[in-house]
Amino acid sequence: MELIDRPEYIEKLKLWQSHADLIKIVTGVRRCGKSKLFEIFQEYLRKTGISGKQIIAVNLEDDVQTREIGLKKNQKSKLLEEYSALLDFITDKMPKDKKTYIFLDEIQMLDDWQRLANTLRLKKNADVYLTGSNAHMFSSEMATLLGGRYIEIKMQPLSFKEYLSVNEGGLPDIYSSYTRESGFPQTVEFNHNPQMINNYLLDSVYQNTVRKDIIQRFGIGDPVRLDEIIRFMFDNIGNATSLRNVKNKLKSDAGIDISPATLNSYVKGLLDSYLMYKCEEYDLKGKRILESDAKYYAADIGLKNALLGQPDKDIGYALENVVYLELLRRGYDVKTGRVNTRTVKEENKQKKKTIEIDFVAAKAGGIVEYYQVAWSVLGNEETMQREYASLEEIKDNYPKYLLTTDSGSGGQNGIKRLNVLEWLIAGE
């Protein structure tokens, strides 16, 4: 497969390259391109004069390579053991008096990986780079073992901008392909063949992730039930919900009765494996996070469509999902916003209505931006004013945006309406 350039992430690796005292950990869902990113970065190192002997790369999912090193699997945990064998292998290969760049893929496959990483970090002239596919790596206990001496680089499948760089056509057509076929890099080589793409997404991405990062970790004995729960969560992206509501709907819609504790562990596994993201709800009036409800978004819309066996039935929610991921990619802390509750008249009845904002996006320094996402508003005055009205309820002076697929730009009362596809490729 031809390597797809990932300049955003390469620049981050370059930025931290001079800080050899920090372990660089690239995290993200399986098959999002972490290993290929390391290949690109290693090629960059060679071009800057680093010799091949100064680069040591080990893929801990490569059974041939791990057996040659002397690592064995614990049959109960399925994790590789005897990290000292890997330490000896790396140490023997390190050239004396020259900086060595050490790359370890899927480090969570190694039991006691934190001890190995810390030992390598403390070695003279060692610069350590890791990839991981499970957020459980950063539990408080594990992070403590690293002593805070690491930097995490969060990686996703291809952004729309990256996908555009390897496809030809008009923006609307490429966006349709992007959401239908996915942003997982390897799908690009399948030349838009839907059967090959679906097989890859379901087998190499979905099943591999569920099997290794959820079932094995939690010792789940009923993978069929887990699969049903995951499908349910993917089918409800963008809907404000609580685990209690999920439990009740699973029972009423699918006949699945599950304890709150078990459901919580399943959803945690789904989030820790980066298959989905949780977007917490923020009360703008009370300035607090509301723990009862949240929205969940898929790591990739194409994966969602492959899993559910249908094109996305709500293009608006799919677009909202894409915008959410892009905001994360740009470094924002993203929450969904609750503005206030007011009484409105609908169908000759007085009803209480909660006014919400799709995204409250904050960056370091306290700068906040508000985003409302809609597929289209032009030609429908009622829809346009409804989308603007939610943003107009916010009385501060931070930037407010309405993102749609409509051509051109516009706005009212200080709110900017932008074409979302142009926004996606414009960057920050």
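All figures in this text were calculated on a predicted structure; none of them were measured in a lab.

Draft legend 1. The arrangement of unusual backbone geometry in detail. Notably, Arg31 is not glycine yet its phi reads approximately 70°, a positive angle. Relative to the assigned elements, Arg31 resides in the loop between strand S1 (23-27) and helix H2 (34-47). By relative accessible area, which is 30% here, Arg31 ends up partly exposed. Of note, His192 is a non-glycine position whose phi angle comes to about 65°, a positive value. When its relative accessible area of 39% is taken as the criterion, His192 is described as partly exposed.

Draft legend 2. The arrangement of the environment of Gly70 in detail. Within the element layout of this structure, Gly70 appears in the loop between helix H3 (63-69) and strand S3 (72-73). Here Gly70 falls in the partly exposed class, since its relative accessible area comes to 27%. The spatial distance from the C-alpha of Gly70 to the C-alpha of Phe89 is 8.9 Å, given a sequence separation of 19 residues. Residues within four places of Gly70 in sequence aside, it is in contact with Glu82 and Ala85.

Draft legend 3. Spatial organisation of the nonpolar core. By size, the foremost hydrophobic cluster in this structure holds 113 residues, and its most contacted members are Leu110 and Phe359. In terms of residues, this core owes the most to one element, helix H9 (residues 194-218), which gives 8 residues.

Draft legend 4. Layout of the sheet that holds S1. Pairing in this open sheet of 5 strands is parallel, and the strands run S2-S5-S6-S1-S7 from one edge to the other. Only two strands of the sheet have a single partner each, and these edge strands are strand S2 (55-59) and strand S7 (150-154). Between one strand and the next, the sheet's axes are offset by a mean angle of 15°, whatever the strand orientation. Alignment of strand S5 (residues 100-105) against strand S6 (residues 126-132), held across 5 bridges, turns out to be parallel. Looking across to S6, one finds that Tyr101 is bridged to Asp127. Here helix H1 (residues 7-17) sits on the sheet and contacts S1, S5, S6 and S7; the angle it forms with S7, its principal contact strand, is near 170°. The sheet contacts of helix H4 (residues 83-93) involve S2 and S5, and relative to S2 the element is tilted by about 155°.

Draft legend 5. Main features of the pattern of salt bridges. Evaluation of the coordinates by the stated rule reveals 29 salt bridges. The salt bridge involving Glu39 is made with Lys36; its shortest N-O contact spans 3.6 Å. Separated by 3 residues within a single helix, Glu39 and Lys36 lie in helix H2, roughly one turn from each other. The partly exposed category is assigned to Glu39, whose relative accessible area is 37%. Residue class for Lys36 comes out partly exposed when judged on its relative accessible area of 33%. The partner of Asp63 in a salt bridge is Lys73, and the shortest N-O contact between them spans 3.9 Å.

Draft legend 6. Spotlight on empty space enclosed by the protein. Within this structure, the stated rule accounts for 4 cavities of 30 Å³ or more. Computed from the structure, the largest cavity encloses a volume of approximately 90 Å³. Lining the largest cavity are 13 residues, with Tyr178, Ala299, Asp300, Ile301 and Leu325 positioned closest to its centre. For the lining of the largest cavity, the secondary-structure elements that each account for two or more residues are helix H8 (171-181), helix H13 (301-308) and helix H14 (315-329).

About the thresholds
- Residues numbered from 1 in each chain as written.
- Predicted model: local features only at pLDDT ≥ 70, side-chain atom pairs only at ≥ 80, totals over all residues.
- Heavy atoms only, no water.
- Helix = DSSP H or I, 4+ residues; strand = E, 2+ residues; numbered from the N terminus.
- Buried < 20%, exposed > 50% of the residue type's maximum accessible area, 1.4 Å probe, protein only.
- Contact = heavy atoms within 4.5 Å.
- Core = buried A, V, L, I, M, F, W, Y, C linked by side-chain atoms within 4.5 Å.
- Pairing = 2+ DSSP bridges.
- Axes fitted to C-alpha atoms, helices over the stretch in contact; angles between N-to-C directions.
- Salt bridge = Lys/Arg side-chain N within 4 Å of Asp/Glu carboxyl O.
- 1 Å grid on protein atoms, 1.4 Å probe; cavity = no way out; pocket = protein on both sides within 12 Å on 5 of 7 lines; lining within 4 Å.
- Points joined across faces, edges and corners; volume = space filled by probe spheres on them.

Such coordinate-based values are descriptive only and should not be taken to indicate function.
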